[in-house]
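Structural features, examined
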Amino acid sequence: MGFKIVTDSAAGLTDKQIEDYGVEILSLTYNMRGQEYESYVKGRKTDYSEVYRLLREKEKITTSLVSAKVCDAVIKPILESGEDVLILSFSSGLSGTYQNIINITEDYKEQYPERKIIVVDTLCASLGQGMAIHYAAKLKNEGKTIEEVADWVEKNKLSICHIFTIDDLFFLKRGGRLSGTSAIVGTLIGIKPLLHMAEDGKLYVTGKARGRKAAINHLIDSLEEKGENIQNQDIFIVHGDCEEDAKYLEKEIKKRYKVKNVLYNCIDPVIAAHAGPGTLAVFFLGKER
């Protein structure tokens, strides 16, 4: 029998990607004004407008890890059908989701000893994690084994560059998702923090730009500075309810690097709760992060 690729909703995949890749999604949850919501529900288009409206008002939206109930609903049917499972998880540097999945799948290994269950900490987030899924799905479709696909992700995950800018450090600081210390004050008028995902799967401030346009230009320049063979890559972009900026970034990347395929998506509520509105990120393969 074959195997299924499973990931969590932090990967930020579009509905089309989920369908094209044939992956299953473990939904993280978020709590907004006392009510809990699933970040991803198969077949349901989520309206993020209320989430972003509340975030702009500095409303606190809390998030939760992937639960055993969700894992049971998604993973158990795959195992019972006779297929193996490769789980590509949200960075352990930002979430306890990876460890949660490890703990839960230990029970599955006892219940289904004939099945292979491999869990990989991608050390990626949002469409950076989605990019790991993108390449894993391609390899699977080429006939690679579960071990070969897992090995490729392990060897190449630190080549997936995450370069982004945010409007305000407030959300990352409030959620404890910003590592290290920084003298940058994100609320200063006209100053836009620049960040990246490091090899430990955590977020670090790398600099600052004077104004939004300069911050976006930094994202565009980063492909030349860090990327490899950019022209022949698929480039991914995510935005925190700032689609016009994402479209501009896409246009400039295509123009400058002759890239043919650029995909962008809105950041889901779980990631948005920690990154905030106005976040803009680009993901691509490089020599290193």
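Now for a look at the structure at hand. (Residues numbered from 1 in each chain as written. Predicted model: local features only at pLDDT ≥ 70, side-chain atom pairs only at ≥ 80, totals over all residues. Heavy atoms only, no water.)

**Here we look at the environment of Glu-83**
Looking at where Glu-83 falls in the secondary structure, it is placed in the loop between helix H3 (68-80) and strand E6 (84-89). For the pair Glu-83 and Phe-3, spaced 80 residues apart in the sequence, the C-alpha separation amounts to 4.9 Å. When near neighbours in sequence (up to four residues on either side) are disregarded, Glu-83 contacts Met-1, Gly-2, Phe-3, Lys-4, Ile-78 and Arg-115. (Helix = DSSP H or I, 4+ residues; strand = E, 2+ residues; numbered from the N terminus. Contact = heavy atoms within 4.5 Å.)

**As for helix H2 (residues 49-56)**
By the burial criterion, the buried members of H2 are Val-51, Tyr-52, Leu-54 and Leu-55. End-on view of H2: buried residues confined to an arc of 160°, all on one side of the axis. Check the buried side of H2 and you find it contacts strand E3 (29-32), helix H7 (170-174), strand E11 (234-239), strand E12 (261-266) and helix H10 (269-275). In the stretch just after H2, Lys-58 is the one whose phi turns positive, near 65°. (Buried < 20%, exposed > 50% of the residue type's maximum accessible area, 1.4 Å probe, protein only. Arc of directions from axis to C-beta.)

**Some remarks on the sheet that holds E3**
Taken in spatial order, the 3 strands line up as E4-E3-E5 in an open sheet, and their pairing is antiparallel. The open sheet has two edge strands with one neighbour each: strand E4 (35-38) and strand E5 (62-64). Put simply, the sheet's adjacent strands are angled 30° from each other on average, direction ignored. Pairing of E3 with E4 involves 4 bridges; the strand directions are antiparallel. Directly across from Tyr-30, in E4, lies its bridge partner Tyr-37. (Pairing = 2+ DSSP bridges. Axes fitted to C-alpha atoms, helices over the stretch in contact; angles between N-to-C directions.)

**Points about the state of the cysteines**
Enumeration over the complete set of coordinates arrives at 0 disulfides. Sulfur of Cys-71: no disulfide; nearest cysteine sulfur belongs to Cys-124 and is 19 Å away. With a relative accessible area of 0%, Cys-71 lands in the buried category. Counting only cysteine sulfurs, Cys-124 is the nearest neighbor of Cys-161, a cysteine outside any disulfide, at a range of 9.8 Å. With relative accessibility at 1%, the residue Cys-161 sits in the buried group. (Disulfide = S-S within 2.5 Å.)

**Quick look at the packing of aromatic side chains**
What the rule picks out here adds up to 2 aromatic pairs. For the ring pair Tyr-30 and Tyr-37, a centre distance of 5.3 Å and an interplane angle of 20° mean the geometry is stacked. For Tyr-30, a relative accessible area of 4% puts it in the buried group. Taking 5.5 Å as the distance between ring centres and 35° as the angle between the ring planes, the aromatic pair formed by Tyr-135 and Trp-152 counts as tilted. Here the residue Tyr-135 occupies a position in helix H5 (residues 126-141), and Trp-152 occupies one in helix H6 (residues 146-156), the gap between them amounting to 17 residues. For Lys-140, the ring lying beneath its charged end belongs to Phe-3, and the centroid distance is 5.3 Å. (Phe/Tyr/Trp six-rings, centres within 6.5 Å; stacked < 30°, edge-to-face > 60°. Lys NZ or Arg CZ within 6 Å of the ring centre and 35° of its normal.)

**Remarks on unusual backbone geometry**
A positive phi angle is found at Arg-33, which is not glycine, with a value near 55°. When its relative accessible area of 53% is taken as the criterion, Arg-33 is described as exposed. In this model, Ser-126 sits at a positive phi of 55°, which is unusual for a non-glycine residue. Along the polypeptide, Ser-126 turns up in helix H5.

**Brief notes about the sheet that holds E6**
The strand order across the open sheet built from 4 strands is E2-E1-E6-E7, with neighbouring strands paired in parallel fashion. Edge positions in the sheet fall to strand E2 (24-26) and strand E7 (117-121), since each has one partner strand and no second. The mean angle between the axes of side-by-side strands here comes to 25°, regardless of whether they run parallel or antiparallel. As judged from the 3 bridges shared by strand E1 (residues 3-8) and E2, these two strands associate in the parallel manner. Bridge pairing in E2 links Asp-8 to Leu-26. Its contacts with the sheet put helix H4 (residues 97-111) on E1, E2, E6 and E7, and the angle it makes with E7 is roughly 170°.

**Notes on the pattern of salt bridges**
For the coordinates displayed, the defined rule picks out 21 salt bridges. For Lys-116, the salt bridge goes to Glu-147, with nearest N and O atoms at 2.8 Å. Of this pair, Lys-116 sits in the loop between H4 and E7 while Glu-147 sits in helix H6, and the two are 31 residues apart along the sequence. Given the relative accessible area of 39%, Lys-116 is considered partly exposed. Linking Glu-224 and Arg-256 is a salt bridge whose minimum nitrogen-to-oxygen distance equals 2.6 Å. In this pair, Glu-224 sits in helix H8 (residues 212-226) while Arg-256 sits in helix H9 (residues 243-257), placing the two residues 32 residues apart along the sequence. Owing to a relative accessible area of 54%, Glu-224 belongs among the exposed residues under this scheme. Judged by its relative accessible area of 39%, Arg-256 falls in the partly exposed class. (Salt bridge = Lys/Arg side-chain N within 4 Å of Asp/Glu carboxyl O.)

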